[in-house]
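Working through the structure, step by step
The chain contents come next:
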Amino acid sequence: MPQSDTLISVRDVELSFGPKIIQQNVSFDLKRGSIFAVMGGSGCGKSTLLKSMIGLLPPTTGQILVGGEDYWAQNEHRRTQINHRFGVLFQSGALWSSMTVGENVALPLEMFTTQPPDVVRKLVEVKLGLVGMEQAIDLYPSEISGGMRKRAGLARAIALDPDILFFDEPSAGLDPITSARLDDLILTLRDGLGATIVIVSHELPSLFAIADDGIFLDARTHRPIAHGSPRTLRDNSSIPEVMAFMNRSSTIPTTDETKADRHV
Amino acid sequence: MRTKDLITDLWNAGPNALLIVGVVNFLIGAILAFVGLVELRRFAAEIYVTNLVGIACAREISAIMTAIIMAGRTGGAYAARISTMLGNEEIDALKVFGIPISGYILLPAILSLSLMMPLLYLYGTLIGIFGGFVVSMSMMDVSPMGYWMSTVNGVELREFAFGFVKAFFFGSFIALAACRVGLMAGRSAADVGIAATRAVVIGIVGIIAMDAVFAVMANALGI
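Rules of the game
- Residues numbered from 1 in each chain as written.
- Chains lettered and ligands numbered in written order.
- Predicted model: local features only at pLDDT ≥ 70, side-chain atom pairs only at ≥ 80, totals over all residues.
- Heavy atoms only, no water.
- Axes fitted to C-alpha atoms, helices over the stretch in contact; angles between N-to-C directions.
- Helix = DSSP H or I, 4+ residues; strand = E, 2+ residues; numbered from the N terminus.
- Parallel < 35°, antiparallel > 145°, perpendicular 65-115°, else oblique.
- Left-handed = near helix turned anticlockwise from the far one by under 90°.
- Nonpolar A, V, L, I, M, F, W, Y, C, P; charged D, E, K, R; others polar.
- Pairing = 2+ DSSP bridges.
- Contact = heavy atoms within 4.5 Å.
- Buried < 20%, exposed > 50% of the residue type's maximum accessible area, 1.4 Å probe, protein only.
- Buried area = accessible area lost by both parts, 1.4 Å probe.
- Salt bridge = Lys/Arg side-chain N within 4 Å of Asp/Glu carboxyl O.
- Polar contact = N/O pair within 3.5 Å; in protein donor to acceptor, adjacent residues only side chain to side chain.

1. Some remarks on the packing of helix 3 (residues 49-87) of chain B against helix 8 (residues 189-221) of chain B
Residue and element names in this part refer to chain B.
- Between helix 3 and helix 8, the shortest axis-to-axis distance is 8 Å and the interhelical angle comes to 150 degrees. As summarised for this structure, helix 3 and helix 8 are arranged roughly antiparallel, according to the angle between their axes. Both helix 3 and helix 8 take part in a crossing whose hand is right-handed.
- Residue composition of the contact of helix 3 with helix 8, grouped by class: 14 nonpolar, 6 polar and 3 charged.

2. Brief notes about the sheet that holds strand 4 (residues 61-66) of chain A
Residues and elements named next belong to chain A.
- If you walk across this open sheet you meet the 4 strands as 2-1-4-5, and the pairing is antiparallel. Whereas interior strands pair on both sides, the edge strands pair on one side only; in this sheet they are strand 2 (20-31) and strand 5 (69-70).
- The pairing of strand 4 with strand 5 spans 2 bridges and is antiparallel. In the strand pairing of strand 5, Val 66 is matched with Glu 69.
- Helix-sheet contacts for helix 1 (residues 46-53) involve strand 1 (6-17), strand 2 and strand 4, and the interaxial angle to strand 1 is about 120 degrees.

3. Observations regarding the side chain of Thr151(B)
- Among the secondary structure elements, Thr151(B) is positioned in helix 6 (residues 144-154).
- Leave out the neighbours within four places in its chain, and Thr151(B) touches Thr50(B) and Ile129(B).

4. So, the side chain of Ser136(B)
Residues and elements named next belong to chain B.
- For Ser 136, the location among the structural elements is in helix 5 (residues 101-139).
- The class of Ser 136 is buried, set by a relative accessible area of 0%.
- In this view, Ser 136 contacts Ala 33, Leu 37, Val 49 and Tyr 147; residues no more than four positions away in its chain are not counted.

5. A closer look at helix 3 (residues 101-112) of chain A
- All of the buried residues along helix 3 of chain A are Val101(A), Gly102(A), Asn104(A), Val105(A), Ala106(A), Leu107(A), Pro108(A) and Leu109(A).
- Against helix 4 (117-130) and helix 5 (146-157) of chain A together with helix 4 (90-97) and helix 5 of chain B lie the buried residues of helix 3 of chain A.

6. A few points about the pairing of strand 8 (residues 196-200) of chain A
Residue and element names in this part refer to chain A.
- Among the 5 residues in strand 8, 5 count as buried, and that is most of the element.
- Burial of the side chains of strand 8 extends over both faces: Thr 196, Val 198 and Val 200 are buried on one face and Ile 197 and Ile 199 on the other.
- Note: strand 3 (residues 35-40) against strand 8, 4 bridges, orientation parallel. What sits directly across from Ile 35, in strand 8, is Ile 197.
- With 5 bridges connecting them, strand 7 (residues 164-168) and strand 8 associate as parallel partners. Within strand 8, the residue paired with Phe 166 across the bridge is Val 198.

7. Looking at the interface of chain B and chain A
- Taken together, the contact pairs 17 residues of chain B with 25 residues of chain A.
- Summed over both sides, the interface of chain B with chain A buries roughly 1800 Å², with 61% coming from carbon and sulfur.
- When residues of chain B are sorted by the area they lose upon contact with chain A, Glu89(B), Val96(B) and Phe97(B) head the list and together hold 39% of the total.
- Linking chain B with chain A are 2 salt bridges, by the criterion used here.
- Lys4(B) serves as the salt-bridge partner of Glu103(A), at 3.0 Å between the closest nitrogen and oxygen.
- Counting across the interface, chain B meets chain A through 9 residue pairs in polar contact (both at pLDDT 80 or more).
- Taken together, the elements giving at least two residues each to the side of chain B that touches chain A come down to helix 1 (3-13) and helix 4 of chain B.
- No other element matches helix 4 of chain B, which puts 7 residues into the side of chain B that touches chain A.
- Among the residues making up the side of chain B that touches chain A, the classes are represented as 7 nonpolar, 2 polar and 8 charged.

Okay, here's the thing in structure tokens:
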């Protein structure tokens, strides 16, 4: 039976903290093998949406379907099983500080596979080698730089060979060269592992370079206001907020013409 | 639970605390002996200072003082550590992988403090009695052996057993409260400070409240 082209389907999701609505009417499909960007200004709810997709924050309403299964309708055990399809790179790397880089990558392998210790060690070396971090295997997170922490976090994220990778602000705090290398690494992972990737970011050069689909969340209306790849949105969107964001403009055009063009 | 984490926590909650627990209990024993001797001398009952220091340390003071030290030292550290992990998204990373927080973060901490507190209590009691002995030797006319024999005769083993059991519950309470406060904390640097403070305050107040309950129960049971 052929696999469905849609890996994750977000349907009419509303996210809120108590009475405060963060985003509503969020719907999109994540195509297998795509690099999907969640875009928007600071505080619009990009990371909150990501959290609801990886099991950290249940949506107030709506569904998140992973491989056709309603993720949040499952019990905790099943959600954990589904999570093994996910690899997550957190904004700060989120390496476990009491463990070495190698132990960070090894822990999921020790927990969820039956590989003997010497094989786990080999796998850890391979994963760290993929991100160019094999020399830091015995170092603690406090002993490495921010960029190295992100790469080590990425090695941990791919430890269980996930088919969906989530990146929360992967380029934040990195210099342009390291950021570009990380972009290359993301493309390599997509092509090498066949992974589908979700990136939460507002780093435009990165988004233009690697993302082929996306959604733009608006902080003012608390709704998505545009869908499409970052390049398409940059070149073709007539929505003032999207135009301003994609072109790094400090002012949002408010002409009647652009208002009339607004669409979701 | 990783053995390495348990050993680290055991070391931090036990051997690393020996100096501060020893110093405080020594001084408490010395103060009790000094105050006791001054008062008991008026009734020519100085020798009973051995009972005063021994029973007070074994039954109440060492358990409470050791627990207060550990609430401030280790309880605060647990809350700060867990809330920092929360802020660094380390807890989120565990959740996403489906690695149980209870086993990997909480259990080593709770086990360590619960197991080490009774041992620290015993150590603190002996050091407290030694503090009383040092002061008594300089203030009253009794031989070291006489002081020791009077202590052995005056302090029953059940006083130690009572303090030992209390210390276990105090240690468990401090660790549980600190872990809960840490997990409930916010994610900013200020929240780490707030969590540490809250863990210490809850720990100290809880220990004293629990001690009151233990005292009532002991009275009811005739211990």
